[in-house]
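Architecture at a glance
Listed below, chain by chain, are the residues.
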2 protein chains.
Amino acid sequence: MKPMEIEKRSFEIIAEELGERKIDPEYDLLVRRVIHTTADFDYYDNLCFSEHAAKVAMEALRAGCPVVTDTTMAMAGINKRALARFGGETHCFIGDADVAEEAKARGVTRSLVSMEKAARTLGPAIFAIGNAPTALYSICDLVRAGKLQPKMVIGVPVGFVNVVEAKEVIMELGVPYIVARGRKGGSNVAAAIVNSLLYQMIQREE
Amino acid sequence: MKPMEIEKRSFEIIAEELGERKIDPEYDLLVRRVIHTTADFDYYDNLCFSEHAAKVAMEALRAGCPVVTDTTMAMAGINKRALARFGGETHCFIGDADVAEEAKARGVTRSLVSMEKAARTLGPAIFAIGNAPTALYSICDLVRAGKLQPKMVIGVPVGFVNVVEAKEVIMELGVPYIVARGRKGGSNVAAAIVNSLLYQMIQREE
């Protein structure tokens, strides 16, 4: 089987196993792609969306909005060719020397400082956060301080400490969001969500 | 909380929730790190190991064995600084122009050809496969043809088609393996397994 056939068959199996469980058509392909990426049907239940989140995110991507990630892994997982088709680029500042220095000096995480750098240098962007709850808290602080208006926060860090709470805070912030409620998520999930939006945009064009 | 404190507390929570469920001490930290990476306790049940797999993998890493991945995402997730401490490097050939050309000409996947290139150019290596079952089948073919003797196959692709079967084939091949039986896995899981081995090696040195 060719890769495209395998993907098609995978989505059919997911549909079969979802059975009677229905998904809002706006988020249908997105939820299925996350399940495809993780083989974990929990994402049927835990993915939460602000009003018309998929539409809002696609409008931003279509306008060439940059995508900021908290890890190089999430950045590696995003389909850069698909993103570039609409003029967008990925950015991840976690490995930057100035970020590391500042984090050390202030006694905070590099994730936190990397979000501040993104807000300062890029302006409005889509934030795809798959790892660090401190990145989500940093976004909250920046928004509350009037220093950032994210086009979309994809809040899907994974973990056992501060993760559940950070996601709830994002959903109360008044910004557009796509969040995996609870402990689950990951860099792979963050990338899958961005890719799903891009693939749907390309499919509609073709 | 500092990142190291968060990690420590996370591992305590995982231990609490595992409760009476015991893990072979050789694999204890590895299994916990995969659960830490995914927030998914299914990995307690699905991770399978050939005889002394952790010991075998650590010996290879200590000798500076290269680590080959099937995706740039798995490569991005591996702690390169920790690996370099023992002389090792990561390699991923999936994006190489010659791999793409050959895959197209032969009508096979780039994953398959990238494994052949790894076998040809690197020789014995640790293979960390988190995405493509065709990479696992390629490794099987190479081993059976006498063209490859992997030091370790970390076989944790995720998915719904050919994935379950490919993992079973790897476990019957007679090579050292760490496999997540069933559908689950991912590039993040592949990277977490490599990192767990490296962190244990470093901890023992310190």
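Everything here concerns the structure above.
I will try to describe carefully the structure that is included in this document. (Residues numbered from 1 in each chain as written. Chains lettered and ligands numbered in written order. Predicted model: local features only at pLDDT ≥ 70, side-chain atom pairs only at ≥ 80, totals over all residues. Heavy atoms only, no water.)

Here we take up the packing of aromatic side chains. In the structure shown here, the tally under the stated rule is four aromatic pairs over all chains. Over the ring of A:Tyr44 we find A:Arg21, and its NZ or CZ is 5.3 Å from the ring centre. (Phe/Tyr/Trp six-rings, centres within 6.5 Å; stacked < 30°, edge-to-face > 60°. Lys NZ or Arg CZ within 6 Å of the ring centre and 35° of its normal.)

Residues and elements named next belong to chain A. Reading across from one edge, 1-6-5-4-2-3 is the order of the six strands in this open sheet, with mixed pairing throughout. In this open sheet, the two strands that pair with only one neighbour each are strand 1 (47–49) and strand 3 (90–91). Helix-sheet contacts for helix 8 (residues 110–122) involve strand 2 (67–69), strand 3 and strand 4 (126–129), and the interaxial angle to strand 2 is about 160°. (Pairing = 2+ DSSP bridges. Helix = DSSP H or I, 4+ residues; strand = E, 2+ residues; numbered from the N terminus. Contact = heavy atoms within 4.5 Å. Axes fitted to C-alpha atoms, helices over the stretch in contact; angles between N-to-C directions.)

Listed per partner, the contact involves 32 residues of chain B and 32 residues of chain A. Carbon and sulfur atoms make up 68% of the area that chain B and chain A hide from each other, which totals about 2,500 Å². Contact with chain A buries surface across chain B, with B:Met73, B:Phe160 and B:Val161 losing the most and accounting together for 28% of the total. For the pair chain B and chain A, the interface holds four salt bridges. Where chain B touches chain A, the interface holds three residue pairs in polar contact (both at pLDDT 80 or more). Broken down by secondary-structure element, the contributors of at least two residues to the side of chain B that touches chain A are helix 1 (3–18), helix 2 (28–38), helix 5 (72–77) and helix 11 (187–205) of chain B. The element that contributes the greatest number of residues to the side of chain B that touches chain A is helix 1 of chain B, accounting for seven residues. (Buried area = accessible area lost by both parts, 1.4 Å probe. Salt bridge = Lys/Arg side-chain N within 4 Å of Asp/Glu carboxyl O. Polar contact = N/O pair within 3.5 Å; in protein donor to acceptor, adjacent residues only side chain to side chain.)

Our focus in this paragraph is the relation of the copies chain B and chain A. Once chain B is rotated about the relating axis by 180° and shifted along it by 0.0 Å, it coincides with chain A to within an RMSD of 0.0 Å. Here the copies are linked by what is in effect a two-fold axis. Taking C-alpha positions as the reference, the residue of chain B nearest the rotation axis is B:Met73, at 2.6 Å. Most of the interface of chain B is mirrored in chain A, where 100% of its interface residues again form contacts. (Least-squares fit on C-alpha atoms with pLDDT ≥ 70 in both.)

Let us now look at the pairing of strand 6 (residues 177–180) of chain B. Looking along a regular strand, one sees the side chains alternate between the two faces of the sheet. Residues and elements named next belong to chain B. Neither face of strand 6 is exposed, since Tyr-177 and Val-179 on one face and Ile-178 and Ala-180 on the opposite face are all buried. Sheet topology note: the strand 1 (residues 47–49)/strand 6 ladder contains three bridges and is antiparallel. Directly across from Leu-47, in strand 6, lies its bridge partner Ala-180. Remark: the strand 5 (residues 152–155)/helix 10 (residues 163–171)/strand 6 crossover connection has right-handed handedness. (Buried < 20%, exposed > 50% of the residue type's maximum accessible area, 1.4 Å probe, protein only. Right-handed = clockwise from strand over helix to strand, strands pointing away.)

Purely geometric numbers; function is a separate question.
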